[in-house]
Amino acid sequence: MALRFDTSFDPAYGQGVDVAHGVQRVTARNPSPFTFHGTNSYVVGRDTLAVIDPGPDDEAHLETLLDVIAGRPVSHIFVSHTHRDHSPLAARLKERTGAKVLAEGPHRPARPLHLGETNALDASADTAFVPDIASPDGELVSGDGWAIRTVLTPGHTANHAAFALEGTGILFSADHVMGWATSIVAPPDGAMADYMASLDKLIERGDRLLLPGHGGPVTAPRAFMRGLKTHRKMRERAILERIRAGDRTIPDMVKAIYRDTDPHLHGAAGLSVLAHLEDLVARGVVATEASPAMDGIFTPGR
(Lines give C-alpha, C1' and ligand atoms only; values in the text may rest on other atoms or scores of the structure.)
Protein backbone atom coordinates (compact mmCIF):
# COMPACT_ATOMS: atom_id res chain seq x y z
CA MET A 1 0.00 0.00 0.00
CA ALA A 2 1.04 3.63 -0.41
CA LEU A 3 2.06 4.96 2.99
CA ARG A 4 -0.24 7.80 3.96
CA PHE A 5 0.38 9.70 7.16
CA ASP A 6 -2.42 11.28 9.17
CA THR A 7 -1.50 14.65 10.67
CA SER A 8 -5.06 15.64 11.63
CA PHE A 9 -4.76 15.54 15.41
CA ASP A 10 -6.22 17.67 18.20
CA PRO A 11 -4.02 17.32 21.30
CA ALA A 12 -6.74 18.71 23.59
CA TYR A 13 -4.13 19.87 26.09
CA GLY A 14 -5.19 19.88 29.71
CA GLN A 15 -7.88 17.22 29.48
CA GLY A 16 -8.51 13.54 28.94
CA VAL A 17 -9.90 12.30 25.62
CA ASP A 18 -11.85 9.05 25.36
CA VAL A 19 -10.16 6.94 22.65
CA ALA A 20 -11.56 3.47 23.44
CA HIS A 21 -13.74 1.82 26.05
CA GLY A 22 -12.01 2.44 29.37
CA VAL A 23 -9.07 4.30 27.79
CA GLN A 24 -8.37 8.04 27.95
CA ARG A 25 -5.54 9.86 26.19
CA VAL A 26 -3.77 12.81 27.81
CA THR A 27 -1.31 14.69 25.57
CA ALA A 28 1.59 16.59 27.11
CA ARG A 29 2.28 20.08 25.84
CA ASN A 30 5.76 19.26 24.53
CA PRO A 31 5.40 19.73 20.75
CA SER A 32 8.50 19.49 18.55
CA PRO A 33 9.54 18.12 15.15
CA PHE A 34 10.20 14.80 16.90
CA THR A 35 7.15 14.63 19.22
CA PHE A 36 4.50 16.09 16.86
CA HIS A 37 1.94 17.83 19.13
CA GLY A 38 3.33 16.13 22.24
CA THR A 39 3.61 12.84 24.09
CA ASN A 40 0.48 10.77 24.61
CA SER A 41 -0.12 9.25 28.04
CA TYR A 42 -2.96 6.76 28.43
CA VAL A 43 -5.13 6.13 31.48
CA VAL A 44 -6.66 2.64 31.41
CA GLY A 45 -9.53 1.35 33.55
CA ARG A 46 -12.58 2.59 35.45
CA ASP A 47 -11.96 1.96 39.14
CA THR A 48 -8.35 0.91 39.76
CA LEU A 49 -6.24 2.31 36.92
CA ALA A 50 -3.07 1.82 34.92
CA VAL A 51 -1.12 4.64 33.27
CA ILE A 52 0.87 3.99 30.11
CA ASP A 53 3.79 6.33 29.34
CA PRO A 54 3.52 9.10 31.97
CA GLY A 55 5.58 11.41 29.75
CA PRO A 56 8.07 14.22 30.33
CA ASP A 57 8.80 15.71 33.75
CA ASP A 58 6.28 18.50 33.35
CA GLU A 59 4.19 19.91 36.20
CA ALA A 60 1.18 20.81 34.06
CA HIS A 61 1.07 17.34 32.53
CA LEU A 62 1.30 15.72 35.96
CA GLU A 63 -1.60 17.82 37.22
CA THR A 64 -3.69 16.94 34.16
CA LEU A 65 -3.02 13.25 34.68
CA LEU A 66 -4.03 13.54 38.34
CA ASP A 67 -7.21 15.39 37.31
CA VAL A 68 -8.10 12.56 34.92
CA ILE A 69 -7.23 9.96 37.57
CA ALA A 70 -9.62 11.87 39.85
CA GLY A 71 -8.56 10.27 43.10
CA ARG A 72 -8.96 6.68 41.88
CA PRO A 73 -6.21 4.22 42.83
CA VAL A 74 -3.46 3.59 40.25
CA SER A 75 -1.89 0.15 40.57
CA HIS A 76 0.61 0.18 37.67
CA ILE A 77 2.58 2.61 35.53
CA PHE A 78 3.83 1.10 32.25
CA VAL A 79 6.76 2.76 30.46
CA SER A 80 7.41 1.92 26.80
CA HIS A 81 10.99 3.19 26.62
CA THR A 82 13.46 5.58 28.18
CA HIS A 83 13.42 8.70 26.05
CA ARG A 84 12.90 11.89 28.03
CA ASP A 85 9.52 12.56 26.48
CA HIS A 86 8.12 9.24 27.82
CA SER A 87 9.62 8.04 31.11
CA PRO A 88 10.78 10.86 33.44
CA LEU A 89 7.37 11.64 34.96
CA ALA A 90 7.07 8.04 36.18
CA ALA A 91 8.94 8.83 39.41
CA ARG A 92 6.70 11.74 40.41
CA LEU A 93 3.52 9.93 39.40
CA LYS A 94 4.63 6.96 41.48
CA GLU A 95 5.16 9.28 44.47
CA ARG A 96 1.65 10.66 44.10
CA THR A 97 -0.12 7.33 43.50
CA GLY A 98 2.01 4.55 45.00
CA ALA A 99 1.84 2.60 41.75
CA LYS A 100 4.45 0.07 40.65
CA VAL A 101 6.49 1.05 37.57
CA LEU A 102 6.94 -1.59 34.86
CA ALA A 103 9.20 -1.49 31.80
CA GLU A 104 11.54 -3.73 29.84
CA GLY A 105 14.47 -2.28 31.77
CA PRO A 106 16.78 0.73 32.16
CA HIS A 107 18.14 2.64 29.19
CA ARG A 108 20.87 0.95 27.18
CA PRO A 109 22.23 1.19 23.62
CA ALA A 110 21.38 -1.44 21.04
CA ARG A 111 25.10 -2.10 20.64
CA PRO A 112 28.34 -1.04 22.36
CA LEU A 113 29.88 2.23 21.21
CA HIS A 114 32.70 1.86 18.73
CA LEU A 115 36.19 3.08 19.63
CA GLY A 116 36.12 6.88 19.59
CA GLU A 117 32.37 7.04 18.95
CA THR A 118 30.18 9.47 20.90
CA ASN A 119 26.46 8.99 21.38
CA ALA A 120 24.66 11.91 19.74
CA LEU A 121 21.46 10.82 21.49
CA ASP A 122 22.74 11.02 25.09
CA ALA A 123 20.67 14.12 25.84
CA SER A 124 17.44 12.37 24.89
CA ALA A 125 18.00 9.35 27.16
CA ASP A 126 16.50 9.05 30.64
CA THR A 127 19.45 7.21 32.17
CA ALA A 128 18.11 7.70 35.71
CA PHE A 129 15.06 5.52 35.06
CA VAL A 130 14.90 2.12 36.76
CA PRO A 131 11.59 0.22 36.82
CA ASP A 132 10.26 -1.47 39.93
CA ILE A 133 9.49 -4.51 37.80
CA ALA A 134 11.32 -5.61 34.64
CA SER A 135 8.63 -6.93 32.30
CA PRO A 136 9.72 -9.61 29.80
CA ASP A 137 8.08 -10.34 26.48
CA GLY A 138 4.61 -11.81 26.92
CA GLU A 139 4.27 -10.87 30.59
CA LEU A 140 0.61 -10.34 31.55
CA VAL A 141 -0.33 -7.94 34.32
CA SER A 142 -3.95 -8.02 35.47
CA GLY A 143 -5.72 -5.13 37.13
CA ASP A 144 -9.24 -4.20 38.07
CA GLY A 145 -11.18 -4.96 34.88
CA TRP A 146 -8.15 -4.87 32.57
CA ALA A 147 -5.13 -6.97 31.65
CA ILE A 148 -2.04 -5.64 29.85
CA ARG A 149 0.52 -7.81 28.07
CA THR A 150 4.08 -6.68 27.33
CA VAL A 151 5.09 -6.99 23.67
CA LEU A 152 8.78 -6.23 23.30
CA THR A 153 9.50 -4.21 20.15
CA PRO A 154 13.18 -3.21 20.07
CA GLY A 155 14.27 -0.95 17.23
CA HIS A 156 13.50 2.66 18.13
CA THR A 157 15.39 1.90 21.34
CA ALA A 158 16.83 -1.37 22.61
CA ASN A 159 14.35 -1.42 25.50
CA HIS A 160 11.23 -0.40 23.57
CA ALA A 161 8.00 -2.18 24.46
CA ALA A 162 4.43 -2.00 23.25
CA PHE A 163 1.55 -2.95 25.52
CA ALA A 164 -1.50 -4.96 24.46
CA LEU A 165 -4.84 -4.47 26.19
CA GLU A 166 -5.71 -8.13 26.41
CA GLY A 167 -8.93 -9.27 24.76
CA THR A 168 -9.61 -5.99 22.97
CA GLY A 169 -7.35 -5.93 19.88
CA ILE A 170 -5.87 -2.65 21.14
CA LEU A 171 -2.10 -2.17 21.23
CA PHE A 172 -0.33 0.84 22.73
CA SER A 173 2.44 1.08 20.14
CA ALA A 174 4.40 4.00 21.66
CA ASP A 175 7.07 5.18 19.19
CA HIS A 176 7.39 1.95 17.20
CA VAL A 177 4.37 2.69 14.99
CA MET A 178 2.80 6.16 14.69
CA GLY A 179 0.26 7.39 12.17
CA TRP A 180 1.76 10.85 11.64
CA ALA A 181 5.38 9.92 10.74
CA THR A 182 7.93 7.13 10.67
CA SER A 183 9.75 6.21 13.84
CA ILE A 184 13.33 7.41 14.29
CA VAL A 185 15.77 4.51 14.32
CA ALA A 186 19.15 5.97 15.26
CA PRO A 187 22.30 4.11 16.37
CA PRO A 188 23.62 3.35 18.87
CA ASP A 189 20.29 3.54 20.77
CA GLY A 190 18.29 1.91 17.97
CA ALA A 191 18.90 -0.75 15.33
CA MET A 192 17.24 -1.16 11.95
CA ALA A 193 17.35 -4.97 11.90
CA ASP A 194 15.59 -5.02 15.29
CA TYR A 195 13.04 -2.47 14.12
CA MET A 196 12.11 -4.47 11.03
CA ALA A 197 11.84 -7.70 13.01
CA SER A 198 9.55 -5.95 15.51
CA LEU A 199 7.36 -4.68 12.67
CA ASP A 200 6.94 -8.25 11.45
CA LYS A 201 6.06 -9.31 14.98
CA LEU A 202 3.29 -6.72 15.23
CA ILE A 203 1.95 -7.47 11.76
CA GLU A 204 1.59 -11.11 12.76
CA ARG A 205 -0.37 -10.12 15.89
CA GLY A 206 -3.22 -8.66 13.87
CA ASP A 207 -4.34 -5.97 16.34
CA ARG A 208 -7.31 -3.89 15.21
CA LEU A 209 -6.27 -0.52 16.71
CA LEU A 210 -2.92 1.04 17.59
CA LEU A 211 -2.71 3.89 20.10
CA PRO A 212 0.72 5.49 19.58
CA GLY A 213 2.99 7.66 21.69
CA HIS A 214 2.41 10.69 19.45
CA GLY A 215 -0.55 11.60 17.25
CA GLY A 216 -3.83 9.85 16.65
CA PRO A 217 -4.87 6.19 16.41
CA VAL A 218 -3.83 3.87 13.60
CA THR A 219 -7.10 2.28 12.54
CA ALA A 220 -5.84 -0.14 9.87
CA PRO A 221 -2.66 -1.39 11.57
CA ARG A 222 -1.68 -4.36 9.42
CA ALA A 223 -1.93 -2.46 6.12
CA PHE A 224 -0.20 0.59 7.61
CA MET A 225 2.68 -1.47 8.99
CA ARG A 226 3.14 -3.20 5.66
CA GLY A 227 3.40 0.30 4.21
CA LEU A 228 6.06 1.14 6.81
CA LYS A 229 8.03 -1.93 5.77
CA THR A 230 7.82 -0.91 2.12
CA HIS A 231 8.91 2.62 3.02
CA ARG A 232 11.99 1.32 4.83
CA LYS A 233 12.87 -1.00 1.95
CA MET A 234 12.56 1.93 -0.48
CA ARG A 235 14.88 3.98 1.74
CA GLU A 236 17.34 1.10 1.73
CA ARG A 237 17.21 0.96 -2.08
CA ALA A 238 17.76 4.73 -2.27
CA ILE A 239 20.90 4.40 -0.13
CA LEU A 240 22.21 1.59 -2.32
CA GLU A 241 21.52 3.66 -5.44
CA ARG A 242 23.47 6.60 -4.03
CA ILE A 243 26.44 4.36 -3.19
CA ARG A 244 26.37 2.81 -6.66
CA ALA A 245 26.20 6.35 -8.11
CA GLY A 246 29.41 7.25 -6.29
CA ASP A 247 28.32 8.73 -2.96
CA ARG A 248 30.65 7.51 -0.25
CA THR A 249 29.69 9.47 2.85
CA ILE A 250 26.51 9.79 4.88
CA PRO A 251 26.28 13.61 4.45
CA ASP A 252 26.36 13.21 0.66
CA MET A 253 23.65 10.56 0.78
CA VAL A 254 21.48 12.71 3.08
CA LYS A 255 21.76 15.73 0.76
CA ALA A 256 20.44 13.67 -2.14
CA ILE A 257 17.89 11.45 -0.43
CA TYR A 258 16.47 14.08 1.94
CA ARG A 259 16.70 17.08 -0.36
CA ASP A 260 13.05 18.00 0.34
CA THR A 261 13.41 17.63 4.12
CA ASP A 262 13.94 20.54 6.53
CA PRO A 263 17.76 20.91 6.85
CA HIS A 264 17.32 21.12 10.63
CA LEU A 265 16.32 17.44 10.49
CA HIS A 266 19.31 16.33 8.44
CA GLY A 267 21.21 15.28 11.58
CA ALA A 268 18.45 12.84 12.50
CA ALA A 269 18.26 11.76 8.85
CA GLY A 270 21.98 10.98 8.93
CA LEU A 271 21.48 8.71 11.94
CA SER A 272 18.65 6.95 10.10
CA VAL A 273 20.93 6.39 7.10
CA LEU A 274 23.57 5.02 9.47
CA ALA A 275 21.00 2.58 10.87
CA HIS A 276 20.30 1.28 7.36
CA LEU A 277 24.03 1.10 6.60
CA GLU A 278 24.71 -0.93 9.74
CA ASP A 279 22.17 -3.48 8.53
CA LEU A 280 23.47 -3.43 4.94
CA VAL A 281 27.08 -3.90 6.08
CA ALA A 282 26.05 -6.78 8.37
CA ARG A 283 24.40 -8.45 5.36
CA GLY A 284 27.46 -7.85 3.14
CA VAL A 285 25.57 -5.63 0.69
CA VAL A 286 27.70 -2.57 1.56
CA ALA A 287 31.36 -2.47 2.62
CA THR A 288 33.24 -0.12 4.94
CA GLU A 289 36.47 -0.20 6.90
CA ALA A 290 36.08 -1.24 10.53
CA SER A 291 32.54 -0.62 11.84
CA PRO A 292 29.91 1.58 10.16
CA ALA A 293 30.23 5.14 11.46
CA MET A 294 28.86 8.62 10.75
CA ASP A 295 32.22 9.64 9.24
CA GLY A 296 32.77 6.33 7.46
CA ILE A 297 33.42 5.67 3.79
CA PHE A 298 30.96 3.24 2.19
CA THR A 299 31.34 1.25 -1.01
CA PRO A 300 29.31 -1.45 -2.77
CA GLY A 301 29.67 -4.88 -1.17
CA ARG A 302 29.48 -8.27 -2.76
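Because the structure is predicted, anything quoted here is derived from the model rather than measured.

S.K.: I would appreciate a short explanation of unusual backbone geometry in the present structure.
M.R.: The general pattern is negative phi for most residues beyond glycine and trans for most peptide bonds. A cis geometry characterises the amide bond from P187 onward to P188, with omega recorded as 5°. Relative to the helices and strands, P188 resides in the loop between β11 (170-174) and α3 (192-205). Positive phi is not limited to glycine here, since A12 has a value of about 45°. Tracing the chain through its elements places A12 in the segment before β1 (17-20). Despite not being glycine, F36 shows a phi value in the positive range, around 60°.

S.K.: In this structure, what is going on with the environment of H61? I would like to understand it.
M.R.: By secondary structure assignment, the location of H61 is in helix α1 (residues 59-69). Note on H61: relative accessible area 3%, which makes it buried. When neighbours within four sequence positions are excluded, H61 is seen to be in contact with V26, T27, A28, S41, P54, P56 and L89.

S.K.: Explain the sheet that holds strand β8 (residues 140-142) to me, please; I cannot follow it from the model alone.
M.R.: In sheet architecture, strand pairing relies on hydrogen bonds along the backbone and comes in two forms, parallel and antiparallel. The sheet built from 5 strands is open, its strands ordered β8-β9-β10-β11-β12 with mixed pairing. Both outer strands of the open sheet, β8 and β12 (209-212), are each paired with one neighbouring strand and no more. Recorded for the sheet is a direction-independent mean angle of 25° between the axes of neighbouring strands. Of the strand pairs in this sheet, strand β10 (residues 161-165) and β11 are connected by 3 bridges, and their pairing is antiparallel.

S.K.: So what exactly am I meant to see when it comes to empty space enclosed by the protein here?
M.R.: If you roll a probe as big as a water molecule over the atoms, it shows you where there is empty space left. Tallied over the entire structure, the rule returns 1 cavity of 30 Å³ or more. Around the largest cavity, the lining residues are N40, Y42, I52, D53, S80, F163, F172, A174, L211, P212 and G213. Contributing elements (two or more residues each) for the lining of the largest cavity: β3 (40-44), β11 and β12. For the lining of the largest cavity, the class distribution of residues is 7 nonpolar, 3 polar and 1 charged.

What counts, and where the lines are drawn
Residues numbered from 1 in each chain as written. Predicted model: local features only at pLDDT ≥ 70, side-chain atom pairs only at ≥ 80, totals over all residues. Heavy atoms only, no water. Helix = DSSP H or I, 4+ residues; strand = E, 2+ residues; numbered from the N terminus. Buried < 20%, exposed > 50% of the residue type's maximum accessible area, 1.4 Å probe, protein only. Contact = heavy atoms within 4.5 Å. Pairing = 2+ DSSP bridges. Axes fitted to C-alpha atoms, helices over the stretch in contact; angles between N-to-C directions. 1 Å grid on protein atoms, 1.4 Å probe; cavity = no way out; pocket = protein on both sides within 12 Å on 5 of 7 lines; lining within 4 Å. Points joined across faces, edges and corners; volume = space filled by probe spheres on them. Nonpolar A, V, L, I, M, F, W, Y, C, P; charged D, E, K, R; others polar.

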